[in-house]
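Spelled out from the first residue to the last, the chains are:
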Protein chains: 2
Amino acid sequence: MFRWVFMFLNVVVGLLRHEPWKFLSAWFCPYAQRAWIALNHHKIPFEYIEALTLKLEPGQTLKDAKGYEKHELLLKHHPSGLVPTIVDADESMPAVYDSLVCVEFADDLAPCGKPLLPKDPVFRAEAKLWAAWADKNIASPFYSILVPKEQERRLEGYNKLRDGLRKFQATMKGDFFLGGDMSIVDIAALPWCYRTFTCSIIETYRGPDFTFDRQEFAPLLRWLDRCLALDSVKSTLPESAALVDTYKRYADGTAESKVGAAVRAGKAAHDHD
Amino acid sequence: MFRWVFMFLNVVVGLLRHEPWKFLSAWFCPYAQRAWIALNHHKIPFEYIEALTLKLEPGQTLKDAKGYEKHELLLKHHPSGLVPTIVDADESMPAVYDSLVCVEFADDLAPCGKPLLPKDPVFRAEAKLWAAWADKNIASPFYSILVPKEQERRLEGYNKLRDGLRKFQATMKGDFFLGGDMSIVDIAALPWCYRTFTCSIIETYRGPDFTFDRQEFAPLLRWLDRCLALDSVKSTLPESAALVDTYKRYADGTAESKVGAAVRAGKAAHDHD
């Protein structure tokens, strides 16, 4: 009973609340893209703040960028200054960060919206487990191909990503991973599939030994097309050529990011500090 | 509206459902203990199944155990055969695993119970972030002390655990981490605090250079006492001497577990395969 009253009040407060959330993001960051898609999906009002500015000397292009300037709000609200980070308009409540926590947070903010996680406890847990799986087996291996200098480690990353994509494709239950609608699992995998298949970032920097057979992955490409056609996704897609350029710093092993540092230290990208 | 009807049906189904969940656990496993406490907390009916049996030759004691036999249900329902794993009585639904996902699952099963995660979206996200923080900064460093053979790495783990415990103690908002009641954050940290302070496992195997000042940690010890006095926790506490013995395999670097293998490979315990 208490919970129902709470839910009701929550909805009312949500409707009355006009101030947008502050969404600290970066146009090129796939982790931030996850949170962005979820906020869009639920039409949650937010102010988009570009919180990582690639450092460029006069005359340099995106390809030359190594590190970035961090927005003061990001340094204030995230313990390590990472995007995505979401704070309330007054900055009076704790910050929300970690990309998959942000997706669940967006879902919690919109209890009457089309959910990104199933409501049934078992299927809800299943969705969380698959999202974490995609993080380990699709997002992280992407950096294990781009960051290491040794060909052997790059190929190991490539095999892991290919295996991950194969399992993702084979397990998909419908038009989207969990069935008929986009869920947290699609959002967990999508930004790296866009970078791999649409922008060809891995092939660009690692050459023909690192291609993904488009015939084998035809069902996955159809899923990708369905995702990219969604309004919630469209506005989060960086222009391909510019995005490719920003990955040069990863491919050169010079990216000054937590993820770059983790992979250079032999860890998985998701195990960054 | 739809959500309210769903919630109502969910509660009714929950009340009607008599078959207990199958809880695949291990008496000595701190990760399984997290799920166990959450199931107890919400009085969720479950059948406790001892799913990891330490392998002992005739005449051997717990100290001699290296690996374990895994229950066939565990091998069937968890992709890597890890506890905790929870399956429905009919084994007709997806399995629920990963200790913190299991805690959230128990909370979702009991929407009218005393919640282990706050209902407000921001504070709910905050609880998840602190639980993940405790996993990285309290649970994982415990193994970084016990598993490595090099004194330097052990001391690095010790410093990390001590820093983690200091921050945990300094951040605690009330009798429990988030305030007046036990939450997922307490549950995330508790099993390793019990092993460290109550059972003195680290001091036993690593000696006087690895002690924790009980005066400095007096507030944490009072929190630990409050946790250990809860009914939901009491029944999950293994007998101290037996528990100490089971850690010999970690301290000898011979533990045949995913966590042991991850730490020996230079990764954090939470980043096991």
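Counting starts from 1 at the beginning of each chain's written sequence and moves along it residue by residue. For this description, chains carry letters from A and ligands carry numbers from 1, given in the order in which they are written. Only residues with pLDDT of 70 or above have their local features reported here, since the model is predicted, and side-chain atom pairs are shown and tallied only from 80 upward, although totals for entire chains, interfaces and linings are computed over all residues. Only hydrogens and water are removed before side-chain values are computed, so all heavy atoms of the structure are retained for them.

Participant: Quick one: what's the story with the sheet that holds strand 1 (residues 21-25) of chain B, residue by residue and with numbers?
Facilitator: Residue and element names in this part refer to chain B. The rule for pairing is simple: two strands pair if DSSP sees at least two bridges between them. Runs of H or I in DSSP of at least four residues are treated as helices and runs of E of at least two as strands, each being numbered from the N terminus. Spatially, 4 strands are ordered 2-1-5-6 in an open sheet, and the strand pairing comes out mixed. The sheet is open, and its two borders are formed by strand 2 (46-50) and strand 6 (96-97), each paired with just one other strand. Pairing between strand 1 and strand 5 (residues 85-87): 3 bridges, direction antiparallel. Its bridge partner lying in strand 5, leucine 24 is registered against threonine 85.

Participant: Which residues make up the relation of the copies chain A and chain B, and what are the values?
Facilitator: Note on the identical chains: chain A maps onto chain B by a rotation of 180° and an axial translation of 0.0 Å, with an RMSD of 0.0 Å. Here the transformation between the copies is reduced to the relation of a two-fold axis. When checking whether two residues touch, look at their non-hydrogen atoms; a contact exists if any pair is within 4.5 Å. A symmetric contact is evident, with 97% of the interface residues of chain A recurring at the interface of chain B. For this overlay, a least-squares fit was computed on C-alpha atoms, restricted to residues scoring pLDDT of at least 70 in both copies.

Participant: So what about the side chain of Asp271(B)? Which residues, and what values?
Facilitator: Among the secondary structure elements, Asp271(B) is positioned in the segment after helix 13 (258-264). Side chain to side chain, Asp271(B) and His270(A) meet in a polar contact 2.6 Å long. Once you skip the residues sitting within four places of it in the chain, Asp271(B) turns out to touch Lys136(A), Ala268(A), His270(A), Asp271(A) and Ala262(B). Definition of a polar contact: a pair of N or O atoms within 3.5 Å, with one able to donate and the other able to accept a hydrogen when the atoms are protein atoms, and with sequence-neighbouring residues admitted only if both atoms are side-chain atoms.

Participant: Please give an account of the pairing of strand 2 of chain B that cites residues and values.
Facilitator: Residue and element names in this part refer to chain B. Relative to strand 2, strand 1 runs parallel, the two being bridged by 5 bridges. In the sheet register, phenylalanine 23 faces strand 2, and the bridge partner there is tyrosine 48. Here is how to tell: hold the view so the strands point away, follow the path from the first strand over the helix to the second, and if it runs clockwise the crossover is right-handed. Since strand 1 and strand 2 lie parallel, the crossover through helix 2 (residues 30-41) that links them has a hand, and here it is right-handed.

Participant: Describe unusual backbone geometry, naming the residues involved and giving the relevant values.
Facilitator: The bulk of non-glycine residues show a negative phi, and the bulk of peptide bonds are trans. Cis geometry marks the peptide bond from Val83(A) to Pro84(A); its omega dihedral reads -5°. Positionally, Pro84(A) belongs in the loop between helix 3 (72-77) and strand 5 (85-87). Although it is not a glycine, Asp98(A) sits at a positive phi angle of roughly 75°. Inspection of the secondary structure assignment puts Asp98(A) in the loop between strand 6 (96-97) and helix 4 (99-109). With phi around 50°, Ser200(B) is a residue other than glycine that occupies positive phi space. Inspection of the secondary structure assignment puts Ser200(B) in the loop between helix 7 (184-198) and helix 8 (201-206).

Participant: With reference to specific residues and values, describe the environment of Val101(A).
Facilitator: All names here are of chain A. In this fold, valine 101 is placed in helix 4. The class for valine 101 is buried, based on a relative accessible area of 11%. Spatially, the C-alpha atom of valine 101 lies 24 Å from that of threonine 53, the residues being 48 residues apart in sequence. Throughout, exposure labels follow a simple rule: accessible area from a 1.4 Å probe, protein chains only, divided by the maximum for the residue type, with under 20% read as buried, over 50% as exposed, and the rest as partly exposed.

Participant: I'd like a description of the domain arrangement of chain A, backed by residues and values.
Facilitator: Residue and element names in this part refer to chain A. What counts as a domain boundary in this text is fixed by an automatic or database domain assignment. For chain A, the assigned domains read domain 1 (2-109) and domain 2 (121-271). With centres defined by C-alpha atoms, the gap from domain 1 to domain 2 works out at 21 Å. On the domain 2 side, the residues contacting the 26 residues of domain 1 number 35 residues. The term buried area refers to how much accessible surface (probe radius 1.4 Å) is lost by two components on association, counted for both of them together. For the pair domain 1 and domain 2, the summed buried surface comes to about 2700 Å²; carbon and sulfur atoms form 63% of the total. For this analysis, a salt bridge means a side-chain nitrogen from Lys or Arg found within 4 Å of a carboxyl oxygen belonging to Asp or Glu. Put simply, domain 1 and domain 2 have 2 salt bridges between them.

Participant: Let's hear about the environment of Ser235(B): which residues, and what values?
Facilitator: All names here are of chain B. Relative to the helices and strands, serine 235 is located in the loop between helix 10 (231-234) and helix 11 (240-246). For the pair serine 235 and aspartate 135, spaced 100 residues apart in sequence, the C-alpha separation works out to 22 Å. Non-local contacts of serine 235, meaning those with residues more than four positions away in its chain, are made with Trp36 and Asn40. Among the polar contacts made by the side chain of serine 235, one reaches the side chain of asparagine 40 at a distance of 3.1 Å.

Participant: Lay out helix 2 (residues 30-41) of chain A with the relevant residues and their values.
Facilitator: Residue and element names in this part refer to chain A. To estimate the expected span of a helix, subtract one from its residue number and multiply by 1.5 Å. Here helix 2 contains 12 residues, and its C-alpha end-to-end distance of 16 Å stays within 8% of the 16 Å for a straight helix at 1.5 Å per residue. Where burial is concerned, most of helix 2 is hidden: 12 out of the 12 residues are buried. Buried within helix 2 we find Pro30, Tyr31, Ala32, Gln33, Arg34, Ala35, Trp36, Ile37, Ala38, Leu39, Asn40 and His41. Lysine 43 occupies a position one or two residues after helix 2 and carries a positive phi of about 50°.

Participant: I'd like to hear about the packing of helix 4 (residues 99-109) of chain B against helix 5 (residues 121-146) of chain B, residue by residue, with values.
Facilitator: Packed helices, taken two at a time, are described by their axes: the angle between them and the distance between them. All names here are of chain B. Simply put, an axis is a line fit to the C-alpha atoms, just over the touching stretch for a helix, and the angle between two N-to-C directions goes from 0 to 180 degrees. Running from amino to carboxyl end, helix 4 crosses helix 5 at an angle of 150°, the nearest separation of the two axes being 11 Å. Here helix 4 lies roughly antiparallel to helix 5, going by the angle between them. Crossing hand, helix 4 versus helix 5: right-handed. On the side of helix 4, the interface is formed by Leu100, Glu104 and Asp108, while helix 5 contributes Arg124, Lys128, Ala131, Ala132 and Asp135. Under the scheme applied, nonpolar residues are Ala, Val, Leu, Ile, Met, Phe, Trp, Tyr, Cys and Pro; charged residues are Asp, Glu, Lys and Arg; polar residues are all the others, including Gly. In terms of residue class, the contact of helix 4 with helix 5 is made up of 3 nonpolar, no polar and 5 charged. Orientation labels follow simple angle bins: below 35 degrees gives roughly parallel, above 145 gives roughly antiparallel, 65 to 115 gives roughly perpendicular, and whatever is left gives oblique. Here a crossing is taken to be left-handed if its near helix is turned anticlockwise relative to the far helix by less than a right angle, and right-handed if that turn runs clockwise.

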